[in-house]
Amino acid sequence: MIHAFSGNAAVAYAMKQINPDVVAVYPITPQTVAMERFADFVADGDVDTELIMADSEHSAMSCCIGASLAGGRVMTSTASAGLALMWEVLFVAASNRCPIIMNVMNRALSAPINIHCDHSDAMGARDSSWIQIHAENVQEAYDNIIQAVRIAEHENVRLPVMTNMDGFTLSHATERMETLEDQQVQKFISEFKAIYPLLDVDNPVTYGPLDLYDYYFEHKRQQVEAMELAYDVIKKVGQEYGKMTGRSFDMLHPFEMEDAEVAVVVLGSTSGTARVAVRAMRQKGIKVGLVKLRVFRPFPKDELREMLKGMKAVAVMDRSDSFGAFGGPVFSEVRSALLGEDVEVVNYIYGLGGRDIRQDQIEQVITDMSTVAKTGKVKSFVTYLGVR
Amino acid sequence: MSEKKKMRATIPEEEYMFPGTVDCQGCGAAYAMRLALKALGPKTMVVIPACCWSIIAGPFPTSALKMPIYHTAFETAAAVASGVKAGLSIREKEATVLAWAGDGGTFDIGVQSLSAAAERNEDFIYVCYDNEAYMNTGIQRSSATPWGAWTTTTPRKHPKDRPKKNMMEIMAAHRIPYAASATVGHPEDFVRKLKKAREIRGTRFFHVLATCPTGWRSPPELMLEVPRLAVETCVFPLYEIDNGVYSISKKPKEKLPVTEYLKVQGRFRHLTDQQIQYIQEHVDETWELLLKKEKLGRLF
Ligand SMILES: Cc1ncc(C[n+]2csc(CCOP(=O)(O)OP(=O)(O)O)c2C)c(N)n1
Ligand code: SF4
Ligand SMILES: [Mg+2]
């Protein structure tokens, strides 16, 4: 079916088609519209979901964990301060291997108060053992949510998945997009299988007990392995979903990379603007390519290295900062993935608090890269783009 | 010839809030602040968690208030106010610390820090302006939303099916020195109570019904009228709990049926006669209970 959906509408629709057992949420801009729509689906009897209107995000995520451990398929949605308030229990969800699906409408963190897009919220949760997928547009946001169910629930993975989309830029923008039929979604995600649910009184289990130096490290190591196994699962689920829809899904999405000498790495909605900039600069004779990072956790280090080695210069765009660190979080990862390669990797931090990112600014980045490629000299490794 | 009676204004003329704020027409929350600052005067600092007032106070680099303001995280008003007061005390500075939160920030996400501060009897005034939903994010239900009301997360087919949390009783259970209900439709009463509270030390709590035409689907010009109807119908009684003594500030001469209050607000439009009857019974019971409490004298 073809729709004109905002990001919020697409999220609500995907959730309706998934028909999760439990949804626990708390309102926060720019996610509220999705939750209001979903509440309507519940009231209209379009879904069988048990909807919990929690008293905070900390409680919302805790409700999700409880429901997941009890043996249900569980979803939620949040943004910004909401995700930050969940921080403690994000780790708990992942460590208890709860395959919860959470849509995050990326938004800046306080203070000062800002409701617009940047990636500080998601990046703040990057070490929590949640899989992180980022969408470029509303279509992808929808597609990612459906795929997330399969990824999270895969027996080799059993980790929660955070599907990210840029607040307002996508959450409130209406786009033409295609949805699957309800039965197709149900067939694709198939029935939820609870593993060791709390509900099973005949086989009682304990979750989250005291676990000291004798076992804790091994439990963490198992999470590491689950993340490693997730690579393969994400790829396979993407291929299967791609066959069904004719759209392709991978860890990385290259554009004009075949003969590229310099490259831009970006995630989220800015990928679209960057693609236009790349096309324009190609016409000016610069051999530039683009790598869209669709999956940030697990970080696709090998593919990225394969794709970027041999470049003369790479610009990494970060929509959040890691104060006091050497560049933004995406930069740090890309740079360390390329360790030992003879390529200059530089960082551009942009768009904090929803500051617009324009085509001409990305073109400037590409011009800079072309200069680095020619001269072999980097003027500044970390540049703040569009700040006064 | 009878002597001309001079009108005496009980509401101070000084203004501490600038005009031109971006609240909706007929916003009770904005008016409530204007009144509160008139009552508390210039030596007041304001702590505001996320709520409509985050917007009304104005974006950087503007401010709607002449007082110092700290915009804090949604769940933290009472904790931050405790800290601000402690900070003032070590500097031996006297000022009223005013925590100013919505119902969501008070009844729901902020209730833990508020309860803890009240138990410690922290020295601040906490005003909850209650518009009975999360208005800033677009009218989602809170635990202050009354039974039967429409919100965007309690659609008409499935309106709120639980009663409003009784926050005054929760605060009274902490045995704080002073708690009062008020409405923006009764400015003199609100100002009088605030002036009284200013002279008391310890945790002082205000529960203020603040009209929200946007969320209540009520005509903006009825900003004063709607909360007056809430009091006249006993849906929202005006009372104080002063050191454990309950006293009702306004007893309606003739208690109006709840329909008078409900019918001016679109958020109750879908209610059936039976549902309205249910609300009436609940209101009657709660009112009777309050009358009894008032008779009992000191309760703590
Ligand atoms: C931790 C956190 N969760 C959610 C939000 C989003 N949020 C901001 S204001 C608000 C609603 C406030 O409701 P209330 O306290 O009743 O004040 P009102 O908006 O009605 O004035 C919400 C949910 C937030 N800022 N922080
Ligand atoms: S939504 Fe309601 S409380 Fe918020 S500014 Fe408008 S009238 Fe005031
Ligand atoms: Mg409110």
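Residues numbered from 1 in each chain as written. Chains lettered and ligands numbered in written order. Predicted model: local features only at pLDDT ≥ 70, side-chain atom pairs only at ≥ 80, totals over all residues. Heavy atoms only, no water.

### Quick look at the interface of chain B and chain A
Size of an interface, as often reported, equals the accessible area lost when the parts are brought together.
Logical step 1: Contacts between the two partners involve 17 residues from chain B, matched on the other side by 16 residues from chain A.
Logical step 2: Across the chain B to chain A interface the summed buried area is about 1,300 Å²; carbon plus sulfur atoms make up 65%.
Logical step 3: The largest contributions to the chain B side of the interface with chain A come from Ile109, Thr137 and Thr153 of chain B, which together make up 31% of the buried area.
Logical step 4: For the pair chain B and chain A, the number of links is one salt bridge. (Contact = heavy atoms within 4.5 Å. Buried area = accessible area lost by both parts, 1.4 Å probe. Salt bridge = Lys/Arg side-chain N within 4 Å of Asp/Glu carboxyl O.)

### Brief notes about the site of ligand 2
Logical step 1: Close to ligand 2 lie Asp23, Cys24, Cys27, Cys52, Asn131, Met135, Cys212, Pro213 and Thr214 of chain B, which account for all nearby residues.
Logical step 2: A breakdown of the residues in the shell around ligand 2 according to their chemical character gives six nonpolar, two polar and one charged. (Near = heavy atom within 4 Å. Nonpolar A, V, L, I, M, F, W, Y, C, P; charged D, E, K, R; others polar.)

### Considering the coordination of the magnesium ion (ligand 3)
Residues and elements named next belong to chain B.
Logical step 1: Asp103 (OD), Asn131 (OD1) and Ala133 (O) make up the full set of protein donors to the magnesium ion (ligand 3), lying at 2.0 to 2.1 Å.
Logical step 2: Within one chain, the residues donating to the magnesium ion (ligand 3) are spaced in sequence as D-x27-N-x1-A. Taken as a pair, Asp103 in helix H4 (residues 103-108) and Ala133 in the loop between strand E4 (125-130) and helix H6 (167-172) lie far apart in primary sequence, 30 residues in all.
Logical step 3: With relative accessibility at 4%, the residue Ala133 sits in the buried group. (Donors = N, O, S within 2.8 Å, 3.2 Å for Na, K, Ca; no water. Helix = DSSP H or I, 4+ residues; strand = E, 2+ residues; numbered from the N terminus. Buried < 20%, exposed > 50% of the residue type's maximum accessible area, 1.4 Å probe, protein only.)

### Side note on the sheet that holds strand E14 (residues 344-350) of chain A
All names here are of chain A.
Logical step 1: Spatially, E9-E11-E10-E13-E14-E15 is the arrangement adopted by the six strands of the open sheet, whose pairing is mixed. In this open sheet, the two edge strands, each paired with only one partner strand, are strand E9 (252-255) and strand E15 (382-385). Across the sheet, the mean angle from the axis of one strand to that of its neighbour is 20°, orientation sign disregarded. (Pairing = 2+ DSSP bridges. Axes fitted to C-alpha atoms, helices over the stretch in contact; angles between N-to-C directions.)

### Remarks on the site of ligand 1
Logical step 1: Surrounding ligand 1, one finds 23 residues, the nearest of these being Glu57 of chain A together with Gly104, Gly105, Tyr129 and Asn136 of chain B.
Logical step 2: Ligand 1 is flanked by residues contributed from chains A and B.
Logical step 3: Residue Gly105 of chain B places a main-chain N or O atom 2.9 Å away from an oxygen atom belonging to ligand 1.
Logical step 4: Alone, ligand 1 offers 580 Å² of accessible surface; in the complex the protein occludes 96% of this.
Logical step 5: Of all the secondary-structure elements, those providing two or more residues to the shell around ligand 1 are helix H4 (80-85) of chain A together with H4 of chain B.
Logical step 6: Looking at the shell around ligand 1 residue by residue, the classes come out as 14 nonpolar, six polar and three charged. (Polar contact = N/O pair within 3.5 Å; in protein donor to acceptor, adjacent residues only side chain to side chain. Areas by Shrake-Rupley, 256 points an atom, 1.4 Å probe, with all protein chains shown as cover.)

### Remarks on a nonpolar patch on the surface
Logical step 1: Together, Leu210, Leu212 and Tyr213 of chain A give the surface a local cluster of nonpolar side chains, amounting to about 450 Å² of exposed area.
Logical step 2: Tracing the chain through its elements places Leu212 of chain A in the loop between helix H8 (182-189) and helix H9 (216-245). (Patch = residues over 30% accessible without salt bridge, like charges linked within 9 Å, V, L, I, M, F, W, Y side chains within 5 Å.)

### Observations concerning the confidence of the model for chain B
It should be kept in mind that the predicted coordinates are not to be read in detail where pLDDT is low.
Logical step 1: In this model, chain B carries a mean pLDDT of 96, and residues with pLDDT of at least 70 account for 99%.
Logical step 2: Overall fold confidence (pTM) sits at 0.97, and the ipTM for the predicted complex is 0.95. (pLDDT = per-residue confidence, 0-100.)

### Observations regarding the domain arrangement of chain A
Residue and element names in this part refer to chain A.
Logical step 1: As assigned here, chain A comprises domain 1 (2-245) and domain 2 (252-385).
Logical step 2: Each of domain 1 and domain 2 was reduced to a C-alpha centroid, and the two centroids are 28 Å apart.
Logical step 3: Facing 28 residues of domain 1, the contacting portion of domain 2 comprises 27 residues.
Logical step 4: Taking both sides of the interface into account, the surface hidden between domain 1 and domain 2 amounts to around 2,200 Å²; carbon and sulfur atoms contribute 53%.
Logical step 5: Considering only the surface of domain 1 that becomes buried against domain 2, Arg126, Glu136 and Tyr231 emerge as the three largest contributors, covering 29% of it.
Logical step 6: At the boundary of domain 1 with domain 2, the tally comes to five salt bridges.
Logical step 7: Ionic pairing is found between Arg297 and Asp127, a salt bridge with its closest N-O pair at 3.8 Å.
Logical step 8: Going through the elements one at a time, helix H6 (120-124), strand E6 (131-134), helix H7 (138-153) and H9 are the ones with two or more residues in the side of domain 1 that touches domain 2. (Domains from an automatic or database assignment.)

### Details of the pattern of salt bridges
All names here are of chain B.
Logical step 1: A full pass over the atoms with the stated rule returns 42 salt bridges over all chains.
Logical step 2: A salt bridge links Asp284 to Lys255; the nearest nitrogen and oxygen atoms lie 2.5 Å apart. In this pair, Asp284 is assigned in helix H11 (residues 273-295) and Lys255 in the loop between strand E8 (245-248) and helix H10 (259-262), connecting sequence segments 29 residues apart.
Logical step 3: Judged by its relative accessible area of 25%, Asp284 falls in the partly exposed class.
Logical step 4: Here Lys255 falls in the partly exposed class, since its relative accessible area comes to 32%.

### Some words on the sheet that holds strand E12 (residues 295-297) of chain A
Residues and elements named next belong to chain A.
Logical step 1: Spatially, the seven strands line up as an open sheet ordered E3-E2-E4-E5-E7-E6-E12, and their pairing is mixed. What marks the edges here is a single partner per strand, and that holds for strand E3 (50-53) and E12. Mean inter-strand twist for the sheet, computed between neighbouring axes without regard to direction, equals 20°.
Logical step 2: Sitting on the sheet, helix H3 (residues 57-70) is in contact with strand E2 (22-25), E3, strand E4 (74-78) and strand E5 (101-106), with an inclination near 165° to E4.
Logical step 3: Where H7 meets the sheet, it contacts E4, E5, E6 and strand E7 (161-166), and its direction lies at approximately 170° from that of E7.

### Section: the packing of aromatic side chains
Two descriptors summarise a pair of aromatic rings, namely the distance from one centre to the other and the angle between the planes of the rings.
Logical step 1: Counted according to the given criterion, the structure contains 19 aromatic pairs over all chains.
Logical step 2: Between Tyr126 of chain B and Phe205 of chain B the ring centres are 5.9 Å apart and the planes differ by 25°, which places this aromatic pair in the stacked class. Taken together, the residues Tyr126 of chain B in strand E4 and Phe205 of chain B in strand E6 (residues 204-209) connect sequence positions 79 residues apart.
Logical step 3: Judged by relative accessible area, which is 0%, Phe205 of chain B ranks as buried.
Logical step 4: When the ring of Trp147 of chain B is compared with that of Tyr278 of chain B, the centres are 4.5 Å apart and the planes differ by 45°; the resulting orientation is tilted. With a gap of 131 residues between them, Trp147 of chain B in the loop between E4 and H6 and Tyr278 of chain B in helix H11 connect regions that are remote in the sequence.
Logical step 5: One aromatic cluster in this structure is built from Tyr26 of chain A together with Phe74 and Tyr134 of chain B.
Logical step 6: One residue, Lys16 of chain A, lies across the ring of Phe41 of chain A, its end atom 5.0 Å from the ring centre. (Phe/Tyr/Trp six-rings, centres within 6.5 Å; stacked < 30°, edge-to-face > 60°. Lys NZ or Arg CZ within 6 Å of the ring centre and 35° of its normal.)

### Notes on the nonpolar core
Logical step 1: Of all hydrophobic cores here, the largest spans 79 residues; its most connected members are Ile131, Tyr142, Ile146, Leu304, Leu308, Val314 and Val334 of chain A.
Logical step 2: With nine residues, the top contributor of residues to this core is H7 of chain A.
Logical step 3: For Tyr142 of chain A, the residues in contact, after removing those within four places along its chain, are Ala10, Tyr13, Ala14, Gln17, Met177, Glu178, Thr179, Leu180, Val185 and Tyr241 of chain A.
Logical step 4: Counting 51 residues, the second largest nonpolar core, distinct from the first, contains Tyr126, Ala172, Phe205 and Ile248 of chain B. (Core = buried A, V, L, I, M, F, W, Y, C linked by side-chain atoms within 4.5 Å.)

### Considerations on the pairing of E4 of chain B
Residues and elements named next belong to chain B.
Logical step 1: Among the six residues of E4, six are classified as buried, and the element is accordingly described as predominantly covered.
Logical step 2: Where burial is concerned, the two faces of E4 agree: the one with Ile125, Val127 and Tyr129 and the one with Tyr126, Cys128 and Asp130 are both buried.
Logical step 3: Two elements, strand E3 (residues 96-102) and E4, share five bridges in a ladder whose sense is parallel. Looking at E4, one finds that Ala101 is bridged to Cys128.
Logical step 4: Two strands pair when backbone bridges link them, and E4 and E6 are joined in this way by six bridges, in the parallel orientation. Across the sheet, residue Cys128 finds its bridge partner in E6, namely His207.

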